[in-house]
Amino acid sequence: AGGANLNLHPSKWVGLSNGGMIGAEGISQSLGNGEGYIPGEGIGTVLIKPLSEAIADNDHIYGVVEGGYINHGGRSTGFTVPNPEGQKRLAKSVFNRTGISPDQIDYIETASNGSQVGDPIEIDGLTQTFKNTKRNIPIGTVKSNIGHCEAASGISQVTKVLLQYKNNELVPSINSDPLNPKINLANSPFYVQKEVVKIDAASEFNTLVNSFGAGGSNAQLIVSKFENESVVQNSH
């Protein structure tokens, strides 16, 4: 599974600029007080197979997909504006399908791309979903590192999660200071991950990957850390 995104014609940049969607700073300021997003190019793939087969084949297992779901947000205030209610319905379906609760989520990889409008709406939708949790959950986004890879956006998010598992650490979400003033983290269970933090190699660790696209499409995956370290250490 994977995705690819290439920017092959300048008309794209002209159109985004005319629409006021390009970040004026020239860097992606996801979750930060930027003015728009910066497109990126990328190609990514992952090999997916049943866990029992991967263990039997002595594969190097970076993470386990517990389950996922997709939906459409329906009518919203604009083509590029996400619908928090649609994301809330999506999360409910994902938690029901996987049997994992919001209290078992240890990290959220958001789709935030630096949009003054879209980023706060995404966080609002997640806040509604996690409003009853008692935990403090770190959030971050890969888009500040590599830009918004659009058609490869989802796979870039998953790749970041898997690399964090591989290295047993959470990494900072850069360019997020100052925070977008429309994002209200004070009334949420979230905080932006701003430093390297080690993950216990033997711990259970669940990540919610939250992704959405222009036009109203929403997707979520729960990816857990693989705990059987003996298999990882003996793999090739």
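Each value, and the rule that gives it
- Residues numbered from 1 in each chain as written.
- Predicted model: local features only at pLDDT ≥ 70, side-chain atom pairs only at ≥ 80, totals over all residues.
- Heavy atoms only, no water.
- 1 Å grid on protein atoms, 1.4 Å probe; cavity = no way out; pocket = protein on both sides within 12 Å on 5 of 7 lines; lining within 4 Å.
- Points joined across faces, edges and corners; volume = space filled by probe spheres on them.
- Pairing = 2+ DSSP bridges.
- Helix = DSSP H or I, 4+ residues; strand = E, 2+ residues; numbered from the N terminus.
- pLDDT = per-residue confidence, 0-100.
- Contact = heavy atoms within 4.5 Å.
- Polar contact = N/O pair within 3.5 Å; in protein donor to acceptor, adjacent residues only side chain to side chain.
- Axes fitted to C-alpha atoms, helices over the stretch in contact; angles between N-to-C directions.
- Core = buried A, V, L, I, M, F, W, Y, C linked by side-chain atoms within 4.5 Å.
- Buried < 20%, exposed > 50% of the residue type's maximum accessible area, 1.4 Å probe, protein only.

> Give a description of empty space enclosed by the protein that names residues and reports values.
On inspection of all chains with the given rule, the structure shows 1 cavity of 30 Å³ or more. Looking at the largest cavity, the residues that line it are F79, T80, V81, P82, N83, F212, G213, A214, G215, G216, S217 and N218.

> Go over the pairing of strand β10 (residues 217–224) with me, naming the residues and quoting the values.
Looking at chain direction, strand β3 (residues 64–72) and β10 are connected through 8 bridges and run antiparallel. Looking at the pairing, G68 lines up with L221 of β10. Counting the residues in the hairpin turn of strand β9 (residues 206–212) and β10 gives 4 residues, including G215, whose phi is positive at 100°.

> So what's going on with the confidence of the model for the chain? Which residues, and what values?
When pLDDT is low, close inspection of the predicted coordinates is not appropriate. Mean pLDDT over the chain: 91, with 96% of residues reaching 70 or higher. Counting interchain partners and residues more than four positions distant, the pLDDT-below-50 stretch residues 229–236 has 15 contacts.

> How would you sum up the side chain of Q157? Please name residues and give values.
Within the secondary structure, Q157 sits in helix α6 (residues 153–167). One polar contact links the side chain of Q157 to the main-chain carbonyl oxygen of E109, over a distance of 3.3 Å. Discounting residues that sit within four places of it in the chain, Q157 has contacts with E109, T110, A111, V142, K143, V209, N210 and S211.

> Can you lay out the layout of surface pockets for me, pointing to particular residues and giving the numbers?
Taking a probe equal in size to a water molecule and rolling it over the atoms shows the remaining empty space. What the largest pocket holds in volume is close to 830 Å³. When contributions to the lining of the largest pocket are tallied by element, the ones reaching two or more residues are β1 (2–5), α2 (51–56), β3, α6, β9 and β10. Top contributing element to the lining of the largest pocket by residue count: α6, with 8 residues. In this structure, the second largest pocket spans a volume of roughly 490 Å³.

> So what's going on with the sheet that holds strand β5 (residues 137–140)? Which residues, and what values?
Think of a sheet as strands paired side by side through backbone hydrogen bonds, with each pair either parallel or antiparallel. Taking strand neighbours across the sheet as the criterion, the 6 strands line up as β3-β10-β9-β4-β5-β7 in an open arrangement whose pairing is mixed. What marks the edges here is a single partner per strand, and that holds for β3 and β7 (190–192). In this sheet, neighbouring strand axes are inclined to one another by 20° on average, regardless of whether the strands run parallel or antiparallel. Pairing analysis gives 3 bridges linking strand β4 (residues 107–109) to β9, with the strands arranged parallel. In the strand pairing of β9, Y107 is matched with T207. Helix-sheet contacts for helix α3 (residues 84–98) involve β3, β9 and β10, and the interaxial angle to β3 is about 145°. Sheet strands touched by α6: β4, β5, β9 and β10. Its angle to β9, the strand with the most contacts, is close to 165°.

> Quick rundown of the nonpolar core? Include the residues and the values.
Membership of the largest hydrophobic core comes to 18 residues, with the highest contact counts inside it found for I105, I108, I123, F130, I139 and F190. Going through the elements one at a time, α3, α4 (118–129), β5 and β7 are the ones with two or more residues in this core. Excluding anything up to four places from it in sequence, F130 contacts F95, P102, I105, I108, I137, P189, F190 and L208. In terms of nonpolar packing, the next biggest core, distinct from the first, is built from 10 residues, Y107, Y165, I199 and V223 among them.

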